[in-house]
Amino acid sequence: MDEVAAGASSAGRPAEVLRVPAFALFWSATTIRAFGSAAAGVAFQVLIVTVINATPIQISVLSALGVVPYLFLGLIVGALMDRWRRQRTLVLTSIGRALALAAIPVMLLTNTLSFWTLAIVVLILGVLTLFADSAAQPLLPLLVPRRSLVVANARLGQSATVAATAGPAAGGALLNLIGAPLLFALESVILAVSALLQSRIKVSEAGAPARVPGRHIGHDITEGFHYTYRHRTLRPLALSVHTWFLAHSIVTTLFGVFVLRELDVPEWAFGLILAFGGVGGFVGAMLAPRTGARRGAGRAILLGRGLTVAPWLALALLPVTPTTSLVVLVVVLSAVQFIYALSQGIEDANEMGYRQAAAPDAMQGRMNSTIRTANRVVFFIGALVSGAIATALGYRFAIGLAAVIFAGAALIIAFSPVRRARHEDDHSIAGLSEEGFPPAQTAPTASPEV
């Protein structure tokens, strides 16, 4: 931890994390990258539809390529992040993504952009993003004191929500103003600036000691898996978020189709409805630190999980149809998106802050990658089966089923030690495994610290 962050930790209450130079640079790099990515996402969609004239199958392939690296490399990369320099990884991945995006305007100008060349770029970006995400989460606890992790995650959540809400609109305007080649060139420059900011972060990362003979990365992955799912509070927290992701995959897959096709809501109104989700997420992230401080990490997470049930259960039961007044439809659907995003904003910062505080530095990369990879697998499966459920039993049944699954995720928290967890807990005691030994002692050759 750098000196400024360490100094902040000695204060009586959490300092504003944006005053910590290391985090301010980290937040700035993350924020401008999020805005650039959201803007470039519009240009990607235009390229896919109008330039390469992708078929529905090709569109599905391009979409899957963004998830595939997490499914096949997630655990490996997580283990590497407990051995590699995380800051250096962030810098290198930002440079790599800048170069990959810079190739798109070159291919556009030389008429060499095709489905296959774009697929290669998307796959490269997916792999680099996986490395960047896997480095960012375990790096954050080294930038701010433990008591400030919730606030830090909330600040990141706020900027990500604003980027996701305003970025596409800015991207559409820039696309019309300067065209796709210059928009991708601009995103490449933004990533280069992000790399520069990341390179200026001052953080102390311990070097990895020599690996024990006969020990390979598979041992590291297994140790991370055992640590996560034997931990007294991280295990139920992980099981809850996996359950949440199953329901999340159903509603995110079906919501747009249900609103646009079944309820016949016009596209302009659909955009307005989604914008309320951005507002809800921002408000939730604003409330997250205070909620976690007053109610405790576990109850803040439980509050978010519980709130998630209400909007989707209401949507499944309310008698809204295409003949319902458009004003009523917009109000109801906007409320669904607002409350859903509000619940995520409250729980995300508290959940991530608690996870980062609970695990030791030597286990951060593997713990986060274990949970994140399982989430991606669950989401992938849920997205595939949600269409079949909606086709066989209807959209309302599928959405109602998702509400029940969301309730299951909340119940896991309610009936586990997580409910009583607080951010200030002594995790050296709270993290005891079922066998009663500290997690660091589960293997005589514990993974080295980064």
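Coordinates for the structure precede this section.
So, here is what we can say about the structure in this document.

What counts and what doesn't
- Counting restarts for each chain, with residues numbered from 1 along the sequence as it is written.
- Predicted model: local features are reported for residues with pLDDT of at least 70 only, side-chain atom pairs are reported and counted for 80 or more only, and whole-chain, interface and lining totals are derived from all residues.
- The side-chain quantities take in all heavy atoms of the structure and omit both hydrogens and water.
- Elements are defined by DSSP. Helices are runs of H or I of four residues or more, strands are runs of E of two residues or more, and each kind is numbered from the N terminus.
- Three labels apply to residues, based on accessible area from a 1.4 Å probe with only protein chains included: buried if under 20% of the type maximum, exposed if over 50%, partly exposed otherwise in between.
- Here a residue-residue contact requires only that any non-hydrogen atoms of the pair lie within 4.5 Å.
- We call a set of buried residues a nonpolar core when its members are Ala, Val, Leu, Ile, Met, Phe, Trp, Tyr or Cys and they connect through side-chain atoms within 4.5 Å of each other.
- Any two rings among Phe, Tyr and Trp, with Trp reduced to its six-membered ring, count as a pair given centres within 6.5 Å; such a pair is stacked if its planes are under 30 degrees apart, edge-to-face if over 60, and tilted if neither.
- Look at NZ for Lys and CZ for Arg. If either is within 6 Å of the ring centre and within 35 degrees of the ring normal, a charge sits over the ring.
- Each salt bridge in this description consists of a side-chain nitrogen of Lys or Arg and a carboxyl oxygen of Asp or Glu lying within 4 Å of one another.

## Describing the environment of Ile59
Stage number 1. You can see Ile59 is positioned in helix H3 (residues 56-65).
Stage number 2. Separated by 14 residues in sequence, Ile59 and Gln45 place their C-alpha atoms 9.4 Å apart.

## Thoughts on the side chain of His242
Stage number 1. Mapped onto the elements, His242 comes out in helix H10 (residues 234-262).
Stage number 2. Judged by its relative accessible area of 10%, His242 falls in the buried class.
Stage number 3. If we skip the residues at most four places from it in the chain, His242 touches Tyr229, Ile371, Ala374, Asn375 and Val378.

## Some details on the environment of Thr117
Stage number 1. Here Thr117 is to be found in helix H6 (residues 115-139).
Stage number 2. Judged by its relative accessible area of 22%, Thr117 is partly exposed.
Stage number 3. Placed 14 residues apart in sequence, Thr117 and Ala103 show a C-alpha to C-alpha distance of 9.7 Å.
Stage number 4. With residues near it in sequence (within four places) discarded, Thr117 still touches Met107 and Thr112.

## Concerning the nonpolar core
Across soluble globular proteins, you tend to see nonpolar side chains buried next to one another.
Stage number 1. Membership of the largest hydrophobic core comes to 50 residues, with the highest contact counts inside it found for Phe255, Val265, Trp312, Leu315, Leu333 and Phe406.
Stage number 2. Counting only elements with at least two residues in this core, the list comes to helix H9 (217-230), H10, helix H11 (267-295), helix H12 (297-317), helix H13 (326-358), helix H14 (364-393) and helix H15 (395-414).
Stage number 3. Here this core takes 13 residues from H10, the largest share from any one element.
Stage number 4. Beyond its immediate chain neighbours, meaning those up to four positions away, Phe406 contacts Trp244, Ala247, His248, Val251, Arg305, Thr308, Val309, Trp312 and Tyr340.
Stage number 5. Core analysis: the second largest hydrophobic core is formed by 30 residues, Leu90, Leu142, Val144 and Val151 among them.

## Re the packing of aromatic side chains
Stage number 1. Scanning all chains against the criterion turns up 13 aromatic pairs.
Stage number 2. Seen from their ring centres, Phe225 and Tyr229 are 4.8 Å apart, and the 50° between their planes marks the pair as tilted. In this pair, Phe225 and Tyr229 are both assigned in helix H9, four residues apart and thus about one turn of the helix distant.
Stage number 3. According to the relative accessible area criterion, Phe225 is partly exposed, its value standing at 42%.
Stage number 4. If you follow Arg376 out to its NZ or CZ, it ends over the ring of Tyr70, 4.4 Å from the centre.

## A closer look at unusual backbone geometry
Stage number 1. Here Asn111, not a glycine, exhibits a phi torsion of approximately 55°, which is positive.
Stage number 2. Within the fold, Asn111 resides in the loop between helix H5 (86-109) and H6.
Stage number 3. When its relative accessible area of 71% is taken as the criterion, Asn111 is described as exposed.

## A word on the pattern of salt bridges
Think of it this way: side chains of opposite charge can pair up when their charged atoms draw near.
Stage number 1. Per the counting criterion, the structure on display carries seven salt bridges.
Stage number 2. Between Arg86 and Asp361 there is a salt bridge, with its nearest N and O atoms 2.6 Å apart. Of this pair, Arg86 sits in helix H5 while Asp361 sits in the loop between H13 and H14, placing them 275 residues apart in sequence.
Stage number 3. Overall, the relative accessible area of 0% leaves Arg86 in the buried class.
Stage number 4. One network of salt bridges, in which partners are shared, links Asp82, Arg86, Glu223, Asp361 and Arg366.

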